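# A closer look at the structure
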Amino acid sequence: MAYDMLLLRFGEITIKGKNRSRFEKAALSHVKVLLKKYPAVKIIREYGRIYVVLNGEPAHEIISILKHIFGVTSISPVVVVPSRLEDIIEAAKLFVCDLPTDRQMRFKVSARRVWKEFPHGTQEMNRLIGSPVLQLCPQLKVDVHNPELELRAEIREQGTYLYSEVVPAAGGFPLGTNGKGLLLLSGGIDSPVAGWSAMRRGLEIECVHFHSYPFTSKKAEEKVIELAKVLSRFACQIKLHLVPFTEIQTAIAGTGQENLTITLMRRSMLRIASLLAERNGALAIVTGDSLGQVASQTLASMNVIGRVTDLPLLRPLVMIDKEEIISQAREIGTYDISILPYEDCCTLFVPKSPTTNPNLRVVERIEAGIAGLERLIEAAVSDTETLIIRPDEEVVRQNEEAAAVSDNWF
């Protein structure tokens, strides 16, 4: 079927009162960026909706792109006809004939008269459209309560919109409307899902990954880049900060406190992440922690680890079990990448018996005994490399300072 335009609906942002316009503008900007490669389309914003006039561009190809936009709850491909009764009825018959209705199917017409000057009311239009469609398609049976096929007709002065398909979209809040956070992106299953969840709540994210080359391979870095590419499909652009962590890990290993290795590493990671967040305007740190999943994610461990930063620590997965996280990872497209056998610096250095109940005073005393720890942390920040990652484009490499002042993709 040749569709004329797409109808994009908003969800939670419709309750935002005076902020509603700002939220809708953010979603509109996201749409415009994603549709740059379709020059024929025309984008129209109305109260509570966005219309994408296709002008011959492929409807379902564009839907597959736009359904990832946060703030948009659903998308419908629409046929537009003149708002004259005979045109509406004829178009409705052709519309239904083009749909796969070769079996018995429960059917309903839902008309909506937005243009009040139109001479026929809503209930009358349901009958006037439905009767000729039923005569043409005897396999359709009326069921107004539980239809399998619902033909919707919005009658407006500029034209009548006919549609039946409602494609679920990402929902949530438009990207960036709730600020910016820094995501600790490992090569595992959890952190990409945490990043997606944070973006869905309107958070713009930049990612930070800690590598310990040559202990970890370049394949591990490539794996993380691929995960960031998947996340960039939902954000147009992702900045990925690659932090060299080898010297800090070596210094921590030199303390001989094997059971506290992960606690000490994660505290250093948070210190570095806090400095990077400050440089890049992020107001929170996002992690993939899930309560009790591993030793560093017990309540006691998270408490001791989190003491090193004043920034809010956002943990979208903290109360979600592993099976739910895996299911979400499959849905967003990160799972198959996450299970590739390339280890990050945390999984590579997990001790045999990590503590689940670290003592803050003991941890701080050990850190105080690591010669030059603050200098090592500052050096790691200084040597951070930043990648600009966009869907289907070559990765752009920058140093951290240059990335902080680079032009915004939007």
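Everything discussed here concerns the structure shown above.
### Considering the overall build of the chain
Each helix and strand counted, the chain has 15 helices and 16 strands in total. Each principal axis of the C-alpha distribution contributes one length, and for the chain these read about 85 × 40 × 40 Å. Each of the 410 residues in the chain was classed as buried or not, and the buried ones make up 52%. When contacts within the chain are restricted to residue pairs at least 6 apart in sequence, those whose partners lie at least 24 apart make up 78%. Looking at the chain as shown, the accessible area adds up to about 19200 Å², and 50% of this sits on carbon and sulfur atoms.

### Notes on the side chain of Thr263
Counting through the fold element by element, Thr263 comes out in helix 8 (residues 261-280). Not counting residues up to four positions away in its chain, the partners in contact with Thr263 are Val304, Ile305, Thr355, Pro358 and Val363.

### Considering helix 14 (residues 373-382)
Residues Leu373, Leu376, Ile377, Ala380 and Val381 constitute the buried set of helix 14. The buried residues of helix 14 occupy one face: seen down the axis, they fall within an arc of 140 degrees. Facing away from the buried surface of helix 14 by more than 90 degrees, the exposed residues are Arg375, Glu378 and Ser382.

### Topic: the environment of Ala329
With respect to the secondary-structure elements, Ala329 resides in helix 10 (residues 322-332). If we ignore the near neighbours within four places in the chain, the residues touching Ala329 are Ile189, Val193, Thr334 and Tyr335.

### Here's the deal with the packing of helix 8 against helix 13 (residues 360-368)
Orientation of helix 8 relative to helix 13, taken along the N-to-C sense of each, is 70 degrees, at an axis distance of 11 Å. Taken together, the axes of helix 8 and helix 13 are roughly perpendicular relative to one another. Contacts between helix 8 and helix 13 involve Thr263, Leu264, Arg267 and Arg271 on the former and, on the latter, Leu360, Val363, Glu364, Ile366 and Glu367. Split by residue class, the contact of helix 8 with helix 13 holds four nonpolar, one polar and four charged.

### Details of the pairing of strand 8 (residues 159-163)
The buried fraction of strand 8 amounts to five of the five residues, a majority that puts the element mostly inside the structure. Judged by which residues are buried, strand 8 turns out to be covered on both faces: Gly159, Tyr161 and Tyr163 on one side and Thr160 and Leu162 on the other are all buried. Strand direction decides the pairing type here: strand 4 (residues 72-81) and strand 8, joined by three bridges, are antiparallel. Counterpart to Val79 in the pairing with strand 8 is Leu162. Sheet topology note: the strand 7 (residues 149-156)/strand 8 ladder contains five bridges and is antiparallel. Residue pairing across strands places Ala153 opposite Leu162, the latter belonging to strand 8.

### Topic: the side chain of Ser191
Here Ser191 lies in helix 5 (residues 190-200). Residue Ser191 is classed as buried on the basis of its relative accessible area of 3%. In contact with Ser191, not counting residues within four places along its chain, are Leu183, Leu184, Leu185, Ser186 and Gly288.

### Focus: the pattern of salt bridges
For the coordinates displayed, the defined rule picks out 22 salt bridges. Notably, a salt bridge pairs Asp190 with Lys322, separated by 2.7 Å at the nearest N-O pair. Taken together, the residues Asp190 in helix 5 and Lys322 in helix 10 connect sequence positions 132 residues apart. Since its relative accessible area comes to 9%, Asp190 is described here as buried. The partner of Glu226 in a salt bridge is Lys229, and the shortest N-O contact between them spans 4.0 Å. With Glu226 and Lys229 both in helix 6 (residues 218-232) and three residues apart, this pair spans about one turn of that helix. Each of the salt bridges in this network shares a partner with another, and the network as a whole consists of Glu46, Arg49, Arg112, Glu154 and Arg156.

### Describing a nonpolar patch on the surface
On the surface, a nonpolar cluster with roughly 360 Å² of combined accessible area is contributed by Leu291, Leu299 and Met319. Note on placement: Met319 falls in the loop between strand 14 (313-314) and helix 10. You can call Met319 exposed: its relative accessible area is 68%.

### Side note on the pairing of strand 2 (residues 42-46)
Strand direction decides the pairing type here: strand 2 and strand 3 (residues 49-53), joined by five bridges, are antiparallel. Residue Ile44 lies in a different strand from strand 3, and its bridge partner there is Tyr51. In sequence, strand 2 turns back onto strand 3 through a hairpin of two residues, with Gly48 there showing a positive phi of about 80 degrees.

### A few points about the packing of helix 3 (residues 85-97) against helix 4 (residues 122-136)
It is the contact of helix 3 with helix 4, at a shortest axis distance of 9 Å, that shows an interaxial angle of 45 degrees. Overall, the two elements helix 3 and helix 4 adopt an arrangement that is oblique. Considering how the two elements wind past one another, helix 3 and helix 4 form a crossing that is right-handed. The residues of helix 4 that touch helix 3, namely those facing Leu85, Ile88, Ile89, Ala92, Lys93, Val96 and Cys97, are Met125, Leu128, Ile129, Pro132, Val133 and Leu136.

### Considering the nonpolar core
In terms of nonpolar packing, the biggest core is built from 49 residues, with Leu6, Leu8, Val52, Leu66 and Ile129 touching the most fellow members. Not counting chain neighbours up to four residues away, the residues in contact with Leu6 comprise Ile50, Tyr51, Val52, Leu54, Ala59, Ile62, Ile63, Leu66, Ile75, Ser76 and Pro77. If you look at the next biggest cluster of nonpolar residues, it comprises 32 residues, including Ile225, Phe234, Ala235 and Ile326.

### Let's talk about helix 8
The terminal C-alpha atoms of helix 8 lie 28 Å apart, and with 20 residues this matches the ideal 28 Å at 1.5 Å per residue to within 8%. Counting buried residues along helix 8, 17 of its 20 residues qualify, which places the element largely inside the surrounding structure. Backbone geometry just after helix 8 places Gly281 at a positive phi near 75 degrees.

What counts, and at which threshold
- Residues numbered from 1 in each chain as written.
- Predicted model: local features only at pLDDT ≥ 70, side-chain atom pairs only at ≥ 80, totals over all residues.
- Heavy atoms only, no water.
- Helix = DSSP H or I, 4+ residues; strand = E, 2+ residues; numbered from the N terminus.
- Buried < 20%, exposed > 50% of the residue type's maximum accessible area, 1.4 Å probe, protein only.
- Contact = heavy atoms within 4.5 Å.
- Areas by Shrake-Rupley, 256 points an atom, 1.4 Å probe, with all protein chains shown as cover.
- Arc of directions from axis to C-beta.
- Axes fitted to C-alpha atoms, helices over the stretch in contact; angles between N-to-C directions.
- Parallel < 35°, antiparallel > 145°, perpendicular 65-115°, else oblique.
- Nonpolar A, V, L, I, M, F, W, Y, C, P; charged D, E, K, R; others polar.
- Pairing = 2+ DSSP bridges.
- Salt bridge = Lys/Arg side-chain N within 4 Å of Asp/Glu carboxyl O.
- Patch = residues over 30% accessible without salt bridge, like charges linked within 9 Å, V, L, I, M, F, W, Y side chains within 5 Å.
- Left-handed = near helix turned anticlockwise from the far one by under 90°.
- Core = buried A, V, L, I, M, F, W, Y, C linked by side-chain atoms within 4.5 Å.
- Expected span 1.5 Å × (residues − 1).

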